[in-house]
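# Descriptive analysis of the structure
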Amino acid sequence: MGQLLLGCIADDFTGATDLANNLVRAGMRVVQAIGVPAGPPAADVDVVVIALKSRTIPASEAVVQSLAALAWLRAQGARQIYFKYCSTFDSTPAGNIGPVTEALMDALGCDFTIATPAFPDNQRTVFKGHLFVGDLLLSDSGMRDHPLTPMTDANLVRVLQAQCRRKVGLIDHAVVARGPQAITERIAQLRAEGVGIAIVDAVSNGDLLRLGPALAGMPLVTAGSGVAIGLPANFGLVPSRAASQLPSAQGLRAVVSGSCSQATQRQVQDFIARGGQALAIDPQRIAEGADMAAEALAWATPLLARGPVLVYSTADSAAVQSVQARLGVEAAGALVERTLAAVARGLVEHGVRQLVVAGGETSGACVQALGVAQMQIGAQIDPGVPWCHAQALGGGLHLALKSGNFGGDDFFTRAFEVLA
Ligand SMILES: Nc1ncnc2c1ncn2[C@@H]1O[C@H](COP(=O)(O)OP(=O)(O)OP(=O)(O)O)[C@@H](O)[C@H]1O
Ligand SMILES: O=C(O)[C@@H](O)C(=O)CO
C-alpha cells in the first residue's frame, strides 16, 4: 500500500470533483470516493478525496461524518488533510464550516489552519477578508437568497468567527503579495496572538501559488478548490497529462439536469437552441403519481443512437418557487431527485456510457442510484468540472458532475467533444 500525500474531505459531491480536478491538473493522481471507502486505495494513488453530503445536514452529524473520513485518511498515512467547502462559503452561524474545521483541528492536535474559498478561475476572490463573486460582494450576489445557506455577510472573518470557538484572523493581500516567507511570518505572528484560523486573501492564481509553499507541513488546510493548485509542488510534483488519463470513451451519451442555477438554465437553453434532443420533467406530474422516469426512458431510448439526450427539471426561480409552494421545498427536491436518479440509472441500463449530471444534490442522488463507489479523475471540461471514470452497474462509465453555477453556456454540447 502506498502512502497518501493528501487526504481530502469534501462537503458535497460536485465540490469533491472540483477539488480533485485542480489536484489532477497540478500533477497528482487522484481518486474520488463516494463516502468513506471500504478498503485501502490502489498503490499508485497520491490523493483520495472523500465526497460527503455534509454541507447542510446538522453540524453534529457533519462532524461525525468528517471525523470518520479523517480516521480513514489517517489510517492510509495521509501526510496533509484538506477540508473542501464551497467557493461561496455556503454555511450558517450553526456551521458547518466552523464546527467541522475545529473538530478536525482537535482530532489532529493542530493549533493553526487557514480558510479561504478563493477560486479565481471561477471568479471567486477574497480581498481584505471579503468574498467577491464576480464583480459583486458575496452578500450582493445570488447567494443572499439561497434557500438553505443564505450568505448575507461578505466579511469572512466575521462569518467564520460566528461559527468557531477559536479566534479567527486575517492574512491580507499585502502579505500574500510579498510571498511565502511573508505569509509564514504572518502565520507565526497570528499564532502568537492566539489566532487559530486565518482567512487568507487571494485574488489571482499567482496569490494561491504564493500561498502553497507556506502551507507545506501544515497538518490541516481548509479551503474551496483554489488552494489545491499550490499544494502538489510541495510534494515535488509538477503538472503532467499522465495524471488525468482515463480509459477511452465509448457508448451512448446523455445529460441529466436537476440544477436550477442560472448557469444551468443557460446551458439547457443553449442545448435546445442547437437542436438538441431534450425532455422536461414536470415535478407537479410526479407529485400526481405519474411515472415520469418511465416516460422519460420511453422517450429517450429510441433517440439515444442519434446523439446525446437531455432530461431536465431545470426551471427558473418563479417556476421552482411555485412548485415549492405547492409541494414543500424538501418534498419537491426529493421527488425530482428520485426521478432523475431513476432516469440516470435507466439510461445507463440502456447503454449510456457518457453521462453529464448537473447539480450537487442531483449528482449525489444519481451517483448513489448508479452504485458508484469511486471515480478516477480525468481531463477538465471547464474550470471546476472534469470528466471522471467509474464502474457502474457492471460496466465502465464516464461521468461529469457539474456544480450548478459552473460551466460555459455550451457545456452540455462541448463536454462530449472534450471526451471524443
Ligand atoms: N423544477 C423544480 N422544481 C422544484 N425543485 C426542483 C426542480 N428541479 C430541481 N429541483 C430540486 O432543486 C435542487 C437542486 O439542487 P442541486 O444541488 O442539484 O443543484 P444546484 O443547487 O444548482 O447545484 P450545486 O449544489 O452544485 O450548486 C434539487 O433538490 C432538485 O431536486
Ligand atoms: O466550490 C464550489 O463552488 C463548488 O465546488 C461547490 O462546492 C458547489 O457545490
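Calculation notes
- Residues numbered from 1 in each chain as written.
- Chains lettered and ligands numbered in written order.
- Predicted model: local features only at pLDDT ≥ 70, side-chain atom pairs only at ≥ 80, totals over all residues.
- Heavy atoms only, no water.
- UniProt positions renumbered as here; feature names shortened; annotations may be inferred.
- Buried < 20%, exposed > 50% of the residue type's maximum accessible area, 1.4 Å probe, protein only.
- Helix = DSSP H or I, 4+ residues; strand = E, 2+ residues; numbered from the N terminus.
- Contact = heavy atoms within 4.5 Å.
- Near = heavy atom within 4 Å.
- Polar contact = N/O pair within 3.5 Å; in protein donor to acceptor, adjacent residues only side chain to side chain.
- Areas by Shrake-Rupley, 256 points an atom, 1.4 Å probe, with all protein chains shown as cover.
- Nonpolar A, V, L, I, M, F, W, Y, C, P; charged D, E, K, R; others polar.

Per an unreviewed UniProt entry, the protein chain goes by the name 3-oxo-tetronate kinase and belongs to Comamonas faecalis. Listed under Function (unreviewed entry) in UniProt, the entry text for the protein chain is "Catalyzes the ATP-dependent phosphorylation of 3-oxo-tetronate to 3-oxo-tetronate 4-phosphate."

## A word on helix α13 (residues 360–369)
Along α13, eight of the 10 residues are buried, which leaves the element largely enclosed by surrounding structure. In this structure, the buried side of α13 is in contact with α1 (13–25), β2 (30–34), β12 (252–257), α12 (329–349), β15 (352–358) and β18 (395–402). Where α13 ends, the next residue or the one after it, Gly371, has phi of about 70°, a positive value.

## What about the UniProt feature "domain: Four-carbon acid sugar kinase nucleotide binding" (unreviewed entry) in the protein chain?
Sequence positions flagged by UniProt for "domain: Four-carbon acid sugar kinase nucleotide binding" (unreviewed entry) are, in local numbering, residues 254–412. As annotated, residues 254–412 has a helix share of 44% and a strand share of 28%, and its two end C-alpha atoms lie 9 Å apart.

## Details of the site of ligand 1
The immediate surroundings of ligand 1 are formed by 19 residues, with Ser259, Ser261, Glu337, Glu361 and Thr362 found nearest. Within the side chain of Ser259, an N or O atom sits 2.6 Å from an oxygen atom of ligand 1. In the environment of ligand 1, an oxygen atom lies 2.9 Å from a nitrogen or oxygen atom belonging to the backbone of Gly333. Relative to its unbound accessible area of 640 Å², ligand 1 is 83% covered by the protein chains. Mapped by element, the contributors of at least two residues to the shell around ligand 1 are α11 (317–327), α12 and α13. Tallied by class, the residues present in the shell around ligand 1 amount to six nonpolar, 11 polar and two charged.

## Let's talk about the environment of Gly333
Note on placement: Gly333 falls in helix α12. Judged by its relative accessible area of 26%, Gly333 falls in the partly exposed class. In sequence terms Gly333 and Glu361 are 28 residues apart; their C-alpha atoms lie 8.8 Å from each other.

## Topic: the site of ligand 2
Taken together, the neighbourhood of ligand 2 is formed by Asp12, Thr14, Gly15, Asp18, Arg55, Lys84, Tyr85, Cys86, Ser87, Ser403 and Phe406. Asp12 places a polar side-chain atom, nitrogen or oxygen, 2.9 Å from an oxygen atom of ligand 2. One of the side-chain nitrogen or oxygen atoms of Ser87 is found 2.6 Å away from an oxygen atom of ligand 2. For the shell around ligand 2, the leading source of residues is α1, giving three residues.

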